[in-house]
Amino acid sequence: MPLRQGFAIRANLFAVLDLASRREREEDGVAYKDLREFIARLEKAGELKRISAEVDPVLEITEIAHRVTRAGGPALLFERPKGSRHPVLINMLGSEKRINLALEVDRLEEVSDRIRSFIDVQVPQGILDKLKMLPKLAELGAFFPKKVKSGPCKEVIRREGFSLSEFPILQCWPGDAGRFITWPLVITRNPETQKRNAGVYRMQVFDERTTGMHWQTQKHGAEHFRRARAADPQGRIEVAVAIGADPVTCLAGILPIPPDLDEMMFAGFLRREPVEMVPCETCSLEVPANAEIVLEGYVNLSEMRTEGPFGDHTGFYSLEGEYPVFHVTCITHRRDPVYLTTIVGPPPQEDFYMGHAVERIFLPVMKMQYPEIADIAMPAEGIFHNLMIVAIRKSYPGHARKIMSAIWSLGQAMFTKVVVVVDHDVDVHNFREVVWKALCAIDPERDVQFVLGPVDTLDHAARRQDFGSKMGIDATRKWPGEGFDRPWPGEIVMDAATKQRVDALWKKLGLG
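Note that the structure is predicted; figures quoted are calculated from it, not measured.

## Concerning the overall build of the protein chain
Phase 1: If you tally the helices and strands in the protein chain, you get 14 helices and 23 strands.
Phase 2: For the protein chain, with 512 residues in total, the buried portion stands at 51%.
Phase 3: Considering only intrachain contacts with a sequence separation of at least 6, the fraction spanning at least 24 residues in the protein chain is 72%.
Phase 4: Per element, the accessible surface of the protein chain, about 24600 Å² overall, is 55% carbon and sulfur.

Following this line, the structure appears as structure tokens:
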């Protein structure tokens, strides 16, 4: 076959597959267009409660949302927040059911299975193998962000005469330093590669046009800030902030994806439809076209200001510190925008359900790197970075310690303060079983190890900010190769025949 003809056939195959992929998405139903469409879906499913009474964004909304979340209640839409004409949406993803609705799946494993199907691809050996890969390549190509000229976020454009005080920004807890924007999608570019990053960082409102920018040391936004400052200490870095887009795009900012992978592309993959991006008015960045509110501006590389304290997801106040300052140069928004927010504090809060989704969705990625991992769990009380329980299929002496080191080398997992490794037959989601079997499996002096390294900025117990110790516990069965020369006892389990006989007798026993 002539080379040119082969390229033409391959191009036609891509076109056909791309069309098939789009038709399949259309038949399955398109992704949520924006936040309002998702609000309507929540309301239809009985997962949203409208609050018509006037409620104060200072403390009162937090207390109401806190009670509702702990009771397993719905998302809340406050229609008359005190001091603002813009409604407040909170607890949007505060249950597994609403997470599934956002991702348009019946269970989170559907998302993880889909990710696995993309990453578990062997090197093609022949033309048939290459042809089998084409549908996946075509599907991926359909999810890259789509640049559009305008969008709903441009319905109102305000370069002058605007104030952040117009929005119902919450003060969540009594000891907070003020009001904080808690669910902003903060968009920057790597000054060296020009690759985009979108992350969620809290923003303390200082005045009508300036906020803090809580770029923690290990976050990608902080790395962009450092690289730009190294090149020009007196310069500035462009920043755009989107508040309230479709639910998956909102979620994309907290996903632990590699720094060179565009969050907007990954959001398109999750929602099976590309995220539409529109150029900003006063800077060269792009933002989701369906956002409710967009703040455009810049950060001076030489300017720092005291930010905090803030009632954080640890259940304690994170202390004040010096952070960059964001200057707002323009606000664009939809007519009558909805202000999306969330609260963090004593667990569990809404962020627990988002963290659980991340845990389930990205488990296949971890398993791909370390196939001996059977399952992981991060209890709500462990606030994501304090405790991870890992079940492994142990194959050699020291295997548990290898997995501890592996976890501490994985992106945001490096912050994990305590890693407990158990055998594959332990149900890591049954914490009673974990505590029982782990404590029965360890000799503390032998099985606990300590390491020094980076810790979460919010870890107030660390010896110094961003640096401290971590602990690994090998709670697996011990082998002779690990210096254990005694027999390991069997677990007490009733035999099946006796269970069957008692099952047959049960009704006669009158025990209920």
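## Observations concerning the side chain of Thr476
Phase 1: Along the chain, the position of Thr476 falls in the loop between strand E23 (467-474) and helix H14 (496-509).
Phase 2: For Thr476, a relative accessible area of 0% translates into the label buried.
Phase 3: A distance of 2.5 Å separates a polar atom in the side chain of Thr476 from a polar atom in the side chain of Asp474.
Phase 4: Not counting residues within four places of it along the chain, the set of residues in contact with Thr476 comprises Ile392, Lys394, Ala400, Val421, Val422, Asp423, Ala441 and Trp488.

## A few points about the sheet that holds strand E1 (residues 48-51)
Within a beta sheet, neighbouring strands are joined by backbone hydrogen bonds and run either parallel or antiparallel to one another.
Phase 1: With mixed pairing, 4 strands are arranged side by side in an open sheet as E1-E2-E3-E18. This sheet does not close on itself; its edge strands, each paired only once, are E1 and strand E18 (339-340).
Phase 2: Bridge analysis of E1 against strand E2 (residues 75-78) gives 4 bridges, and the strand direction is parallel. Bridge pairing in E2 links Lys49 to Leu76.
Phase 3: Of the strands in this sheet, E2 and strand E3 (88-90) are in contact with helix H3 (residues 60-70), which crosses E2 at around 155°.

## Overview of the pattern of salt bridges
Between side chains of opposite charge, a pair can form as their charged atoms come close.
Phase 1: Going through the model one piece at a time under the given rule, you end up with 36 salt bridges.
Phase 2: For Arg196, the salt bridge goes to Asp262, with nearest N and O atoms at 2.6 Å. Of the two residues, Arg196 sits in strand E8 (residues 196-199) while Asp262 sits in the loop between helix H8 (247-252) and helix H9 (263-271), which places them 66 residues apart along the sequence. As far as the burial class goes, Arg196 and Asp262 line up, both buried.

## A look at the sheet that holds strand E21 (residues 418-423)
Phase 1: Taken in spatial order, the 5 strands line up as E19-E20-E21-E23-E22 in an open sheet, and their pairing is mixed. The strands lining the two open edges of the sheet, one partner per strand, are strand E19 (373-377) and strand E22 (448-454). The mean inter-strand angle of the sheet, taken between neighbouring strand axes irrespective of direction, is 20°.
Phase 2: Note that strand E20 (residues 387-392) and E21 share 6 bridges and pair parallel. Each residue of the ladder has a partner; that of Ala391, found in E21, is Val422.
Phase 3: Taken strand by strand, helix H11 (residues 399-407) contacts E19, E20, E21, E22 and E23, and its axis lies near 135° from that of E20.

## Brief notes about the pairing of E20
Phase 1: With 5 of 6 residues buried, E20 is to be regarded as a mostly interior element.
Phase 2: Two strands pair when backbone bridges link them, and E19 and E20 are joined in this way by 4 bridges, in the antiparallel orientation. Of the residues in E20, the one forming a bridge with Ala377 is Ile389.
Phase 3: Each parallel crossover has a hand, and for E20 linked through H11 to E21 it is right-handed.

## Thoughts on unusual backbone geometry
Phase 1: The linkage connecting Gly308 with the following residue, Pro309, adopts the cis geometry, with an omega of 5°.
Phase 2: Note that Pro309 resides in the loop between strand E14 (293-307) and strand E15 (310-311).
Phase 3: Although it is not a glycine, Asp466 adopts a positive phi angle of roughly 75°.
Phase 4: With respect to the helices and strands, Asp466 occurs in the loop between E22 and E23.

## Some words on H14
Phase 1: If you check H14, its first and last C-alpha atoms are 19 Å apart, about what 14 residues at 1.5 Å a residue would give, namely 20 Å.
Phase 2: Most pronounced at Asp503, the bend in H14 amounts to some 30°.
Phase 3: Of all 14 residues that make up H14, 0 are buried, and the element is exposed over most of its length.
Phase 4: The N-terminus of H14 is capped by Asp495, whose side-chain oxygen sits 3.3 Å from the backbone nitrogen of Ala497.
Phase 5: One or two positions beyond H14, positive phi appears at Gly510, with a value near 65°.

## Quick look at the nonpolar core
Phase 1: In terms of nonpolar packing, the biggest core is built from 58 residues, with Leu89, Met92 and Leu93 touching the most fellow members.
Phase 2: Once residues within four sequence positions are removed from consideration, Met92 is found in contact with Leu35, Phe38, Leu42, Ala75, Arg98, Trp183, Pro247, Leu340 and Glu350.

## Section: helix H7 (residues 220-231)
Phase 1: When the terminal C-alpha atoms of H7 are compared, their 17 Å separation across 12 residues agrees well with the 16 Å that a helix rising 1.5 Å per residue should span.
Phase 2: Among the residues of H7, those classed as buried are Gly221, Ala222, His224, Phe225 and Ala228. Projected down its long axis, H7 shows its buried positions confined to an angular sector of 155°, all on one face. Away from its buried face, by an angle of more than 90 degrees, H7 presents the exposed residues Ala230 and Ala231.
Phase 3: Considering only its buried residues, H7 is in contact with strand E7 (185-189), E8, strand E11 (236-243), E14 and strand E17 (321-333).

## Some details on the environment of Pro258
Phase 1: Tracing the backbone shows Pro258 in the loop between H8 and H9.
Phase 2: Pro258 sits in the partly exposed class, given a relative accessible area of 48%.
Phase 3: The spatial distance from the C-alpha of Pro258 to the C-alpha of His220 is 9.8 Å, given a sequence separation of 38 residues.

## Focus: the packing of helix H4 (residues 96-103) against helix H10 (residues 350-369)
Phase 1: One way to put it is that H4 packs onto H10 with a least axis distance of 9 Å and a crossing angle of 60°. One element, H4, and the other, H10, form an angle in the oblique class. In this structure, H4 crosses over H10, and the sense of that crossing is right-handed. Between H4 and H10, the contacting residues are Glu96, Ile99 and Leu103 on the first element and Tyr353, Met354, His356, Ala357 and Ile361 on the second.
Phase 2: Its residues assigned to classes, the contact of H4 with H10 comprises 6 nonpolar, 1 polar and 1 charged.

## Some thoughts on the packing of aromatic side chains
Phase 1: Under the criterion given, the structure shown has 8 aromatic pairs.
Phase 2: On the numbers, 6.0 Å between centres and 75° between planes, the contact of Phe143 with Phe269 is edge-to-face. Highlighted residues: Phe143 in the loop between helix H6 (127-141) and strand E4 (146-147) and Phe269 in helix H9, separated in sequence by 126 residues.
Phase 3: When its relative accessible area of 0% is taken as the criterion, Phe143 is described as buried.

About the criteria used
- Residues numbered from 1 in each chain as written.
- Predicted model: local features only at pLDDT ≥ 70, side-chain atom pairs only at ≥ 80, totals over all residues.
- Heavy atoms only, no water.
- Helix = DSSP H or I, 4+ residues; strand = E, 2+ residues; numbered from the N terminus.
- Buried < 20%, exposed > 50% of the residue type's maximum accessible area, 1.4 Å probe, protein only.
- Contact = heavy atoms within 4.5 Å.
- Areas by Shrake-Rupley, 256 points an atom, 1.4 Å probe, with all protein chains shown as cover.
- Polar contact = N/O pair within 3.5 Å; in protein donor to acceptor, adjacent residues only side chain to side chain.
- Pairing = 2+ DSSP bridges.
- Axes fitted to C-alpha atoms, helices over the stretch in contact; angles between N-to-C directions.
- Salt bridge = Lys/Arg side-chain N within 4 Å of Asp/Glu carboxyl O.
- Right-handed = clockwise from strand over helix to strand, strands pointing away.
- Expected span 1.5 Å × (residues − 1).
- Bend = angle between axes of the 7 residues up to and from the residue.
- Core = buried A, V, L, I, M, F, W, Y, C linked by side-chain atoms within 4.5 Å.
- Arc of directions from axis to C-beta.
- Parallel < 35°, antiparallel > 145°, perpendicular 65-115°, else oblique.
- Left-handed = near helix turned anticlockwise from the far one by under 90°.
- Nonpolar A, V, L, I, M, F, W, Y, C, P; charged D, E, K, R; others polar.
- Phe/Tyr/Trp six-rings, centres within 6.5 Å; stacked < 30°, edge-to-face > 60°.

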